[in-house]
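Structure at a glance
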Amino acid sequence: MIKKTAAQMSASLTSGETTSVALTQSHLDRINEVDSKVKAFLHVDGENALAQAAKVDAERAAGKKLHPLAGVPLALKDVLAQEGVPTTAGSKILQGWKPPYDSTVVSKLKQAGIVILGKTNMDEFAMGSSTENSGYGPTFNPWDLTRTPGGSSGGSAAAVSAFEAPIAVGSDTGGSIRQPAALTGIVGVRPTYGAVSRYGLIAYSSSLDQAGPFGRTVLDTAMLHEVMAGHDPKDATSINAAVPNVVSAARSADVKGKKIGVIKQLQGSGYQAGVLARFNESLDLLASLGAEIVEVDCPSFEFALAAYYLIAPSECSSNLARFDAMRYGLRTGDDNGASAESVMNATREAGFGREVKRRIILGTYALSSGYYDAYYGSAQKIRTLIIEDYKKAFTQADVLVSPTSPITAFKIGEKSEDPIAMYLADVATIPVNLAGICGMSLPAGLADEDGLPVGFQIMAPAMQDQRLYEVGSALEAALVSKWGGHLIDQVPALGGAK
Ligand code: GLN
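Residues numbered from 1 in each chain as written. Predicted model: local features only at pLDDT ≥ 70, side-chain atom pairs only at ≥ 80, totals over all residues. Heavy atoms only, no water.

**Some points on the overall build of the chain**
Scanning the chain for helices and strands turns up 16 helices and 11 strands. Taking 498 residues into account, the globule formula puts the C-alpha radius of gyration at 23 Å, and the chain, at 21 Å, falls close to it. Residue burial in the chain is summarised as follows: out of 498 residues, 60% are buried. Taking the contacts inside the chain whose residues are at least 6 apart along the sequence as the reference set, 77% of them involve residues at least 24 apart. Of the roughly 17,600 Å² of accessible surface on the chain, 53% is carried by carbon and sulfur atoms. A distance of 3 Å separates the average location of the 44 positive side-chain charges in the chain from that of its 51 negative side-chain charges. (Helix = DSSP H or I, 4+ residues; strand = E, 2+ residues; numbered from the N terminus. Rg over C-alpha atoms; globule rule 2.2 N^0.38 Å. Buried < 20%, exposed > 50% of the residue type's maximum accessible area, 1.4 Å probe, protein only. Contact = heavy atoms within 4.5 Å. Areas by Shrake-Rupley, 256 points an atom, 1.4 Å probe, with all protein chains shown as cover. Lys, Arg positive; Asp, Glu negative; His and termini not counted. Charge placed at Lys NZ, Arg CZ, Asp CG, Glu CD.)

**Remarks on the site of the ligand**
Around the ligand sit 15 residues in total, of which Gly-174, Ser-176, Tyr-204, Tyr-308 and Asp-426 are the nearest. Between the ligand and Gly-174 there is a distance of 2.6 Å, counted from an oxygen atom to a backbone nitrogen or oxygen. Within the side chain of Tyr-308, an N or O atom sits 2.6 Å from an oxygen atom of the ligand. For the ligand, the accessible surface in isolation is 290 Å², of which the surrounding protein chains cover 100%. With respect to the pocket detection grid, the ligand is positioned in the second largest cavity. The residue inventory of the shell around the ligand, partitioned by class, reads five nonpolar, seven polar and three charged. (Near = heavy atom within 4 Å. Polar contact = N/O pair within 3.5 Å; in protein donor to acceptor, adjacent residues only side chain to side chain. 1 Å grid on protein atoms, 1.4 Å probe; cavity = no way out; pocket = protein on both sides within 12 Å on 5 of 7 lines; lining within 4 Å. Sits in = over half its atoms within 2 Å of the grid points. Nonpolar A, V, L, I, M, F, W, Y, C, P; charged D, E, K, R; others polar.)

**A short note on the pattern of salt bridges**
In this structure the tally under the stated criterion is 20 salt bridges. Across the pair Asp-324 and Arg-327 runs a salt bridge, and its minimum N-O distance is 3.0 Å. Given a relative accessible area of 9%, Asp-324 falls into the buried group. With its nearest N and O atoms 2.7 Å apart, the salt bridge here joins Arg-359 to Glu-355. With Arg-359 and Glu-355 both in helix α12 (residues 354-366), this residue pair falls four residues apart, about one helical turn. (Salt bridge = Lys/Arg side-chain N within 4 Å of Asp/Glu carboxyl O.)

**Describing the side chain of Asp-102**
The topology assignment puts Asp-102 in the loop between β2 (73-77) and α4 (104-111). Polar contacts involving the side chain of Asp-102 include one to the side chain of Lys-110, which spans 2.8 Å.

**Topic: the sheet that holds strand β7 (residues 259-263)**
Strand order in the open sheet made by the 11 strands is β1-β3-β2-β4-β6-β5-β10-β11-β9-β7-β8, with mixed pairing throughout. Every interior strand has two partners, whereas the edge strands, β1 (41-44) and β8 (292-296), have only one. Neighbouring strand axes in the sheet, compared pairwise and without regard to direction, differ in orientation by 25° on average. Both β2 and strand β4 (residues 167-171) contribute to a ladder of three bridges, which runs parallel. In the strand pairing of β4, Leu-76 is matched with Val-169. Helix α2 (residues 20-38) contacts β1, β2 and β3 (115-120) of the sheet and is inclined by roughly 20° relative to β3. Of the strands in this sheet, β1 and β3 are in contact with helix α3 (residues 46-61), which crosses β3 at around 160°. (Pairing = 2+ DSSP bridges. Axes fitted to C-alpha atoms, helices over the stretch in contact; angles between N-to-C directions.)

**Some points on the environment of Ile-386**
Mapped onto the elements of the fold, Ile-386 is located in helix α13 (residues 373-396). Residue class for Ile-386 comes out buried when judged on its relative accessible area of 0%. Linking Ile-386 and Ala-53, residues 333 residues apart in sequence, is a C-alpha distance of 45 Å. Excluding residues within four positions of it along the chain, Ile-386 makes contact with Ser-300, Phe-301, Ala-304, Pro-431 and Leu-434.

This is the structure:
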């Protein structure tokens, strides 16, 4: 049962072949069996999950009309507030915090009757590309347990690729859904900025953050995307427009006559040979399906990484000021009449990890008077140039494409001492976030040199998310028929999936 797709699980629930309680229990058993090796979850919420499953089963038995994903289990990134359930954003500073409210994404999951299995591991406050910056230890890649699953949503990606959950929620500020999807051989989508509410999503960089779906297939990802998206008056940047019809786009799998733009700047030197080989094969497949492949030039992308690593730390230095030992979670050094300031210092010293401190310092410096124009101001100008590059490119193509990550899954510890090397993992995903548009990563095969998954990235203009799914599902269908199954079926057994 756990090997099925979410769409197949939905059909089995509807036909009465299984119940949500049985399905949820199989996933809890699987978590019990493999998560001591994978470490995808920070908190498994078995009791609530089974209660929710029983509720959906009772509603189904009573003939209530249910959402297609009702009763299907899901893994939730620990960056989203869930009422009464420990929520840490991977940080020690939030240890012990139980939110008094649900984020909008969680409310929507609950309304649809989706069963939340638990909270998944992540880089602290979503800062990182490997999940090694978690305050609670790393997550391990199910394809090779000596490697990282990518990050920052590495726990969610690993849970889906290890068959601990069929679908999961992540968040993507600079690539944190697409890059771990690529490194674990699954599908991940970063929706258009403002398409999914940020209410209750613990803030890292508010002008870039966006929650989105993971799945093992393009259709599963679309089904979850549709549940999560929609206007929310509680989020001032939420877009008040109809949700693009991503599910029917995923079913249409239509690429004939579409123009696919290959971004000149997102390939070549720095990209692993096996990544480029799988990327080019996918392009050939798309061409054989009737798409027209063109090359587009985005000269400002060369500066995207530098601009991102000024804008994101600047925003985080402001957002993380709220962790002051007075409001949430951890509080230390509070004795002998200590001043508020010294309690704040002691709590932040103990509660924030090294990368988070580095970024707060970097962002505070970039925003300081005297340096503001030179750093933050210049980065914002680059951001505008990147938006302009995309605008022009989208006059030449319906979607743009690139490899998702220049490299396949790297070893635990390989980059954790070198922040710049880690930052480079997002070189191909960051431009999407800076422009506020949408992007998908889907598996394009295994690299010859290491046998690890390669991700193919598709990008579309704001609120044209359906284009990702049209092209993504067409490519997926062609690849699946070539391989005789989904890539994820080749993942090592990890103790044997039943
Ligand atoms: N790796 C990038 C960073 O560290 C992106 C993280 C993200 O998307 N949350 O900022």
